[in-house]
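Here is how the chains run, residue by residue.
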Amino acid sequence: NEDQFGTPKSFHFRTPYDNETWWAPDGESRTRQSFGRPRFLSSADRDVWVANGRPELPGPIVHVDKESPGTSDRSDGWLPMTYEQISQLPTDPARLTDVLAERVYAGQPNGSCPIPPDWDRRRPLGPCPHRPVTDRDIFGAIVFLVTHYPLPAELRSALYQALTRLDGIELTGEVTDLAGRRGVGVTIGPLDEEKLPRRTVLIFDPATGRLLGSRSVLAAEVPGWRLTPGTVMEEAAFLEMSVVDSPAEPAGP
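Keep in mind the model is a prediction, meaning the values are calculated, not measured.

1. Observations regarding the overall build of the chain
And step 1. Counting its secondary structure elements, the chain contains 6 helices and 10 strands.
And step 2. When burial is assessed residue by residue, the chain has 35% of its 253 residues classed as buried.
And step 3. In the chain, the share of contacts with a sequence separation of at least 24, taken over all contacts with a separation of at least 6, comes to 53%.

2. Notes on the pattern of salt bridges
And step 1. Evaluated as defined, the whole model comprises 5 salt bridges.
And step 2. With a closest N to O distance of 3.2 Å, Glu170 and Arg199 form a salt bridge. On the criterion of sequence distance, the pair formed by Glu170 in strand S6 (residues 169-176) and Arg199 in strand S8 (residues 198-204) is long-range, its members being 29 residues apart.
And step 3. The exposure class of Glu170 is partly exposed, given its relative accessible area of 40%.
And step 4. Between Arg181 and Asp177 there is a salt bridge; the shortest N-O distance is 2.7 Å.

3. Regarding the nonpolar core
A general trend in soluble globular proteins is that nonpolar side chains are found buried together.
And step 1. Membership of the largest hydrophobic core comes to 32 residues, with the highest contact counts inside it found for Leu145 and Leu159.
And step 2. Elements that contribute at least two residues to this core include exactly helix H4 (93-106), helix H5 (135-148), helix H6 (153-164), strand S7 (182-188) and S8.
And step 3. With 7 residues, H5 is the largest single contributor of residues to this core.
And step 4. Not counting residues within four places of it along the chain, the set of residues in contact with Leu145 comprises Met81, Ile86, Leu89, Leu100, Leu151 and Leu159.
And step 5. If you look at the next biggest cluster of nonpolar residues, it comprises 5 residues, including Leu218, Val222, Trp225 and Leu227.

4. Considering the packing of H5 against H6
The packing of two helices is summarised by the inter-axis angle and the distance between the axes.
And step 1. Packing of H5 against H6 leaves a shortest axis separation of 10 Å and a crossing angle of 155 degrees. Taken together, the axes of H5 and H6 are roughly antiparallel relative to one another. In this structure, H5 crosses over H6, and the sense of that crossing is left-handed. Taken together, the residues of H6 that come into contact with H5 (itself represented by Phe139, Ile142, Leu145 and Val146) are Leu159, Ala162 and Leu163.
And step 2. Of the residues contributing to the contact of H5 with H6, the split by class is 7 nonpolar, no polar and no charged.

5. Focus on the sheet that holds S7
And step 1. Spatially, the 5 strands line up as an open sheet ordered S6-S7-S8-S9-S10, and their pairing is antiparallel. Strand pairing shows two members of the sheet lacking a second neighbour, S6 and strand S10 (232-237), which therefore form its edges. Strand-to-strand twist across the sheet, computed as the mean angle between neighbouring axes with direction ignored, equals 20 degrees.
And step 2. Alignment of strand S9 (residues 211-218) against S10, held across 5 bridges, turns out to be antiparallel. Within S10, the position partnered with Gly213 by the bridge is Ala237.
And step 3. Across the sheet, H6 touches S6, S7 and S8, and the angle it forms with S7 is around 45 degrees.

6. A look at the confidence of the model for the chain
Detailed conclusions should not be drawn from predicted coordinates in areas where pLDDT is low.
And step 1. Chain-level pLDDT for the chain is 79 on average; 77% of the residues reach the 70-or-more range.
And step 2. Note on residues 70-76: pLDDT is under 50 here. Beyond four places in sequence and across chains, it has 14 contacts.

7. Focus on the packing of aromatic side chains
Each aromatic ring pair is characterised by the separation of its centres together with the angle its planes make.
And step 1. Summed over the entire model, instances satisfying the criterion amount to 5 aromatic pairs.
And step 2. Seen in terms of ring centroids, Tyr17 and Phe35 are 6.1 Å apart; in terms of plane orientation they differ by 40 degrees. Their pairing is tilted. Here Tyr17 is found in strand S2 (residues 17-23), whereas its partner Phe35 is found in strand S3 (residues 29-35), with 18 residues between them in sequence.
And step 3. For Tyr17, a relative accessible area of 34% translates into the label partly exposed.
And step 4. By relative accessible area, which is 26% here, Phe35 ends up partly exposed.
And step 5. Ring plane angle 45 degrees and centroid distance 5.2 Å describe the contact between Phe40 and Trp49, whose orientation is recorded as tilted.
And step 6. On the accessibility criterion, Trp49 (12% relative accessible area) is buried.

The rules behind these values
- Residues numbered from 1 in each chain as written.
- Predicted model: local features only at pLDDT ≥ 70, side-chain atom pairs only at ≥ 80, totals over all residues.
- Heavy atoms only, no water.
- Helix = DSSP H or I, 4+ residues; strand = E, 2+ residues; numbered from the N terminus.
- Buried < 20%, exposed > 50% of the residue type's maximum accessible area, 1.4 Å probe, protein only.
- Contact = heavy atoms within 4.5 Å.
- Salt bridge = Lys/Arg side-chain N within 4 Å of Asp/Glu carboxyl O.
- Core = buried A, V, L, I, M, F, W, Y, C linked by side-chain atoms within 4.5 Å.
- Axes fitted to C-alpha atoms, helices over the stretch in contact; angles between N-to-C directions.
- Parallel < 35°, antiparallel > 145°, perpendicular 65-115°, else oblique.
- Left-handed = near helix turned anticlockwise from the far one by under 90°.
- Nonpolar A, V, L, I, M, F, W, Y, C, P; charged D, E, K, R; others polar.
- Pairing = 2+ DSSP bridges.
- pLDDT = per-residue confidence, 0-100.
- Phe/Tyr/Trp six-rings, centres within 6.5 Å; stacked < 30°, edge-to-face > 60°.

Rendered as structure tokens:
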């Protein structure tokens, strides 16, 4: 309950959910989220919830959202891109990192700025009111791509390689995802200024670069919380990505 973050009124629960996102080649998207019934992490958390007057908890609920190509990509350099643009991304990891950095940089705060060939992505660019692009920004861009699109195998491999070369990334060996599949863990630690310090683990199939799952765990004690470091805050398994003829055609279980 983040409204009462760090106070004795905070309580903790987990909510299961299924998420389906359909992306059209022109950038139109449709998302369907189905949330299950929340469960308290402990009896103490339920007691705090009762003492707070039993505030409404999320779910069960089904939410559907749709975005037109105009809101999905305005050709201003920001992610997301259309599928045609993604399929044209370079598969050399170093060049791929530079291209993603250019798009991230040009997309903030809005509009675009000319990018010279010798640009250093870690430094501001001329008079544009943009901050430098960090490896954490590139991490976020790569995560967006691998979690939203059925990417070509060569591009998946390049994104995985680019990810492992970023500063602050740690390879954590064999990890099992929520669905019981084994992969390689790629971990990024919390930012110093984060109110809720988390370590995020992405679980990849190293042979294909396919993202199997993700896990976010509490990285440090939080004043006023009963949760201990290492508590799983969010966990997901990416079950199926494929190309289909229409949103009415199921992609898989």
